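Close look at the chain arrangement
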Amino acid sequence: MSGRGERVVRFGAPLAAVRRSGDFFGFCLDTLRALPRRPVQVREFVQQAWFISSVSILPAALVSIPFGAVIALQLGSLVRQLGAQSFTGAASVLAVVREAGPIVTALVIAGAGGSAICADLGSRKIREELDAMRVLGIDPIHRLVVPRVLAAMLVAVLLNGLVSVVGVTGGYLFNVVMQGGTPGAYLASFQALGQLPDLLVGEVKALLFGATAALVASYQGMNARGGPKGVGDAVNQSVVFTFMLLFALNFLVTAVYFQVVPQKGS
């Protein structure tokens, strides 16, 4: 009996993690299947898009300024040591557009919008509103999850453009003002090495990151248990799991991008 109990304790947690991963994958498939279903929840979509954008615009803009400044300062010092000051603009702008912009957008969406989505659905879960909807023949995924996922994707794409503009502007000002860089060389180097797919891959990343954040938050909220404390735990878990998935997804998209799209100057 003791050996059996040890095996249960030892293998229970990994099996539970695998089971929850499978449940989340099934939840994503159900959401994908419910996307084209009618009627379209336009009002819910607009409300969620407005709410997510209202809680995300200011934090994203404020966070993108130090991101762009730090990237410009670090890369400016590095390229000066290598004797390649003329490529400071290209390195800074590409780093912001390809990587920093989508990541900042995803972190803000997950931390602000995703936590609100998880708390809302979790409170509905413990009040048994989701069960009541199922009894009435209303699919909670189609009615609640799909509008939130679409809203998060739209806001993430638009917010990524704002973050990229603010980050690039902050990096330009810090490089020119604090490091004595040349404005003409900063812009010319980006035009020499930058290309349209660099911007497109940033938008694709933001789209995927927004969908991931909304899916994780919705799944955690709809599976919350244990009253208000369970909702709080679900919110914390949704933010942590989203961050982990985002960094893994960012690596995969970046690796595919460099394999598919030829780079300038290579």
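Owing to the predicted nature of the structure, the values given are computational and were not obtained by experimental measurement.

1. Re the overall build of the protein chain
Looking only at helices and strands, one finds eight helices and zero strands in the protein chain. In sequence order, the protein chain lays out its α and β elements as α-α-α-α-α-α-α-α. Within the protein chain, contacts between residues separated by at least 24 positions form 87% of all contacts whose residues are at least 6 apart in sequence.

2. Focus: the UniProt feature "transmembrane region" (unreviewed entry) in the protein chain
Look at the UniProt record and you will see "transmembrane region" (unreviewed entry) annotated at residues 49-73, 149-174, 199-219 and 239-260. Along residues 149-174 the backbone is 100% helical and 0% strand, and the end-to-end C-alpha distance reaches 36 Å. Between the first and last C-alpha atoms of residues 199-219 the distance is 30 Å; the span itself is 100% helix and 0% strand.

3. Side note on the nonpolar core
Core analysis: the biggest nonpolar cluster contains 39 residues, and F27, I52, I109, V145 and M222 have the highest contact counts within it. Looking at this core, the elements that each hand over two or more residues are α1 (2-34), α2 (42-82), α3 (88-126), α4 (129-135), α5 (140-178), α7 (196-222) and α8 (227-260). Considering every element that reaches this core, the biggest residue donor is α5, with 11 residues. The contacts of I52, once residues within four sequence positions are left out, are I109, G113, I117, R148, A151, A152 and V155.

4. With respect to a nonpolar patch on the surface
Together, F25, L29, L32, L35 and L150 give the surface a local cluster of nonpolar side chains, amounting to about 460 Å² of exposed area. The biggest single contributor to the nonpolar patch is α1, with three residues. Mapped onto the fold, L32 is located in helix α1. Accessibility expressed as a relative area gives 53% for L32, which makes it exposed.

5. Let's talk about empty space enclosed by the protein
Left-over empty space is what a probe sized like a water molecule reveals as it rolls over the atoms. Across all of its chains, the model carries one cavity of 30 Å³ or more by this definition. For the largest cavity, the calculated volume is near 40 Å³. Taken together, I103, A106, L107, F209, F243, L246 and F247 make up the full set of residues lining the largest cavity. Elements with a minimum of two residues in the lining of the largest cavity: α3 and α8. Across the lining of the largest cavity, the residue classes break down as seven nonpolar, no polar and no charged.

Rules and cut-offs
- Residues numbered from 1 in each chain as written.
- Predicted model: local features only at pLDDT ≥ 70, side-chain atom pairs only at ≥ 80, totals over all residues.
- Heavy atoms only, no water.
- Helix = DSSP H or I, 4+ residues; strand = E, 2+ residues; numbered from the N terminus.
- Contact = heavy atoms within 4.5 Å.
- UniProt positions renumbered as here; feature names shortened; annotations may be inferred.
- Core = buried A, V, L, I, M, F, W, Y, C linked by side-chain atoms within 4.5 Å.
- Buried < 20%, exposed > 50% of the residue type's maximum accessible area, 1.4 Å probe, protein only.
- Patch = residues over 30% accessible without salt bridge, like charges linked within 9 Å, V, L, I, M, F, W, Y side chains within 5 Å.
- Areas by Shrake-Rupley, 256 points an atom, 1.4 Å probe, with all protein chains shown as cover.
- Salt bridge = Lys/Arg side-chain N within 4 Å of Asp/Glu carboxyl O.
- 1 Å grid on protein atoms, 1.4 Å probe; cavity = no way out; pocket = protein on both sides within 12 Å on 5 of 7 lines; lining within 4 Å.
- Points joined across faces, edges and corners; volume = space filled by probe spheres on them.
- Nonpolar A, V, L, I, M, F, W, Y, C, P; charged D, E, K, R; others polar.

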